[in-house]
Amino acid sequence: MRLDKFLSQQLGISRALVARELRAKRVTVDGEVVRSGALKLTPETEVAFDGNVLEQLNGPRYFMLNKPQGYVCSTDDPDHPTVLYFLDEPVAYKLHAAGRLDIDTTGLVLMTDDGQWSHRITSPKHHCEKTYLVTLEQPLAADTAQHFAEGVQLHNEKDLTRPAQLEQLDEHRVRLTISEGRYHQVKRMFAAVGNRVVELHRERIGAIMLDDSLAPGEYRPLTEEEIASVGAPHLQD
């Protein structure tokens with residue numbers, strides 16, 4: 001990669017501004033001031049801006065985040081803070097959520113810069129399972145699990161929802177596993193049977209479980225096994 005492209009990505013500025021910073025002698029390569037953006041970088045090259053080393057990224061990145069309430073999963077929102085706030089990573093703005101959560105929903109969010117990988121999670125044809133811990137306003141009706149297993153009719157939708165698994169934990173709390181990702185689906189499913197979701201927390205995407213050790217707002221890289229699990233046969237319908 002050329003030095004000017006690398007600096008543009010790392011600093012989030014235009015090539016024209018990069019050229020200005022180079023002329024101002026603010027950039028060093030392997031300890032030497034460099035003023036030409038045409039220099040080709042190797043993976044071993046050390047680039048620094050104002051003395052701060054800029055990390056080169058080799059290969060795609062994958063993280064799990066325990067999302068707290070009050071943050072959106074889009075990478076740019078003028079009205080609300082985004083989950084990128086929590087990611088202390090180089091060029092964090094290049095990461096995106098593989099399956100978003102609403103602003104008031106908490107739990108597992110997968111962040112990556114690998115578009116093909118995230119597509120295997122979000123594409124409807126892959127039927128990637130997601131499990132949620134749901135707190136309800138009204139006590140759970142006895143026939144709700146049967147309704148969800150058969151599919152329910154959502155408002156303004158043509159097709160029934162795909163069969164979903166409901167496990168009752170107590171009168172007001174359930175664990176729900178769905179294999180599609182319609183707009184506000186969990187909330188709308190309970191609305192369709194006359195109940196209302198008051199808290200929603202995602203625990204699992206495919207074979208990837210939210211790490212119990214992560215406090216809200218904390219994140220960690222995915223393991224090789226977790227990364228490889230996406231697109232594996234057990235995630236398929």
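Residues numbered from 1 in each chain as written. Predicted model: local features only at pLDDT ≥ 70, side-chain atom pairs only at ≥ 80, totals over all residues. Heavy atoms only, no water.

**Student:** Let's hear about the overall build of the protein chain: which residues, and what values?
**Tutor:** The helix and strand tally for the protein chain stands at 6 helices and 13 strands. Radius of gyration (C-alpha) of the protein chain: 22 Å, far over the 18 Å computed for a compact globule of 237 residues. Relative to its full complement of 237 residues, the protein chain shows a buried share of 45%. Nonlocal contacts in the protein chain, meaning residues at least 24 apart in sequence, comprise 62% of its contacts between residues at least 6 apart. Put simply, the protein chain shows about 12800 Å² of open surface, and 48% of that area lies on carbon and sulfur atoms. (Helix = DSSP H or I, 4+ residues; strand = E, 2+ residues; numbered from the N terminus. Rg over C-alpha atoms; globule rule 2.2 N^0.38 Å. Buried < 20%, exposed > 50% of the residue type's maximum accessible area, 1.4 Å probe, protein only. Contact = heavy atoms within 4.5 Å. Areas by Shrake-Rupley, 256 points an atom, 1.4 Å probe, with all protein chains shown as cover.)

**Student:** Before we move on, can you summarise the sheet that holds strand 4 (residues 52–54) with the specific residues and values?
**Tutor:** Read from one edge of the open sheet, 4 strands run 2-1-3-4, paired in antiparallel fashion. The sheet terminates laterally at strand 2 (32–33) and strand 4, the two strands that pair on one side only. Bridging between strand 3 (residues 47–49) and strand 4 involves 3 bridges; their strand directions are antiparallel. In the sheet register, V47 faces strand 4, and the bridge partner there is L54. (Pairing = 2+ DSSP bridges.)

**Student:** Tell me about the packing of helix 1 (residues 3–11) against helix 2 (residues 15–23), and please be specific about residues and values.
**Tutor:** Packed helix pairs are specified by the crossing angle of their axes together with the interaxial distance, meaning the distance between the axes. Contact geometry of helix 1 with helix 2 gives a least axis separation of 9 Å together with a crossing angle of 105 degrees. In terms of orientation, helix 1 lies roughly perpendicular with respect to helix 2. Counting all contacts with helix 1, which are made through L3, D4, K5, L7 and S8, the residues of helix 2 involved are R15, V18 and L22. (Axes fitted to C-alpha atoms, helices over the stretch in contact; angles between N-to-C directions. Parallel < 35°, antiparallel > 145°, perpendicular 65-115°, else oblique.)

**Student:** Residues and numbers for unusual backbone geometry, please.
**Tutor:** The phi dihedral of H127 falls on the positive side, at around 50 degrees, and the residue is not glycine. Tracing the backbone shows H127 in the loop between helix 3 (115–122) and strand 8 (130–136).

**Student:** How would you explain the packing of aromatic side chains if you had to name every residue and give the values?
**Tutor:** Within this structure, the stated rule accounts for 6 aromatic pairs. Ring geometry for Y71 and Y85: centres 6.0 Å apart, planes at 25 degrees, overall stacked. Highlighted residues: Y71 in the loop between strand 5 (62–67) and strand 6 (96–97) and Y85 in the loop between strand 5 and strand 6, separated in sequence by 14 residues. When its relative accessible area of 18% is taken as the criterion, Y71 is described as buried. Clustering of aromatic rings is evident, with ring pairs tying together Y71, Y85 and F86. (Phe/Tyr/Trp six-rings, centres within 6.5 Å; stacked < 30°, edge-to-face > 60°.)

**Student:** Outline the nonpolar core, supporting the account with residue identities and numerical values.
**Tutor:** One finds M111, V134, F148, L176, V186, M189 and F190 to be the most contacted residues of the largest nonpolar core, which totals 30 residues. Judged by nonpolar contacts, the second largest core, of 15 residues, contains L108, L110, W117 and L210. (Core = buried A, V, L, I, M, F, W, Y, C linked by side-chain atoms within 4.5 Å.)

**Student:** Summarise the pairing of strand 11 (residues 197–205); cite the residues concerned and give the values.
**Tutor:** Sheet topology places strand 7 (residues 106–112) next to strand 11; 2 bridges connect them, and they run parallel. Within the sheet, the bridge partner assigned to T106 lies in strand 11 and is H201. Note: strand 8 against strand 11, 7 bridges, orientation antiparallel. If you follow Y132 over to strand 11, its bridge partner there is R202. Bridge count for strand 11 against strand 12 (residues 208–209) is 2 bridges, and the pairing is antiparallel. If you follow I205 over to strand 12, its bridge partner there is I208. Adjacent in sequence and paired antiparallel, strand 11 and strand 12 are bridged by 2 residues, among which G206 carries a positive phi angle near 60 degrees.

**Student:** Let's hear about the layout of surface pockets: which residues, and what values?
**Tutor:** Where empty space is left in the structure can be found by rolling a water-sized probe over the atoms. Put simply, the largest pocket is a space of about 600 Å³. What lines the largest pocket is a set of 28 residues, among which R100, L101, D102, G181 and R182 lie closest to the centre. Counting residues per element, the ones that place at least two in the lining of the largest pocket are helix 3, strand 8, helix 5 (185–192) and strand 11. Of the residues in the lining of the largest pocket, the class split is 12 nonpolar, 10 polar and 6 charged. (1 Å grid on protein atoms, 1.4 Å probe; cavity = no way out; pocket = protein on both sides within 12 Å on 5 of 7 lines; lining within 4 Å. Points joined across faces, edges and corners; volume = space filled by probe spheres on them. Nonpolar A, V, L, I, M, F, W, Y, C, P; charged D, E, K, R; others polar.)

**Student:** Go over the pattern of salt bridges with me, naming the residues and quoting the values.
**Tutor:** This structure, assessed with the given rule, holds 17 salt bridges. Across the salt bridge formed by D4 and R15, the nearest N and O atoms sit 3.8 Å from each other. Taken together, the residues span a long stretch of sequence, with D4 in helix 1 and R15 in helix 2 at a distance of 11 residues. Of the residues examined, D4 reaches a relative accessible area of 10% and is grouped as buried. Among the ionic pairs, R182 bridges to E157, the shortest N-O distance being 3.0 Å. Of this pair, R182 sits in the loop between strand 10 (173–178) and helix 5 while E157 sits in the loop between helix 4 (144–150) and strand 9 (165–168), placing them 25 residues apart in sequence. Overall, the relative accessible area of 18% leaves R182 in the buried class. Salt bridges linked by common partners bring E157, E180, R182 and R188 together as one network. (Salt bridge = Lys/Arg side-chain N within 4 Å of Asp/Glu carboxyl O.)

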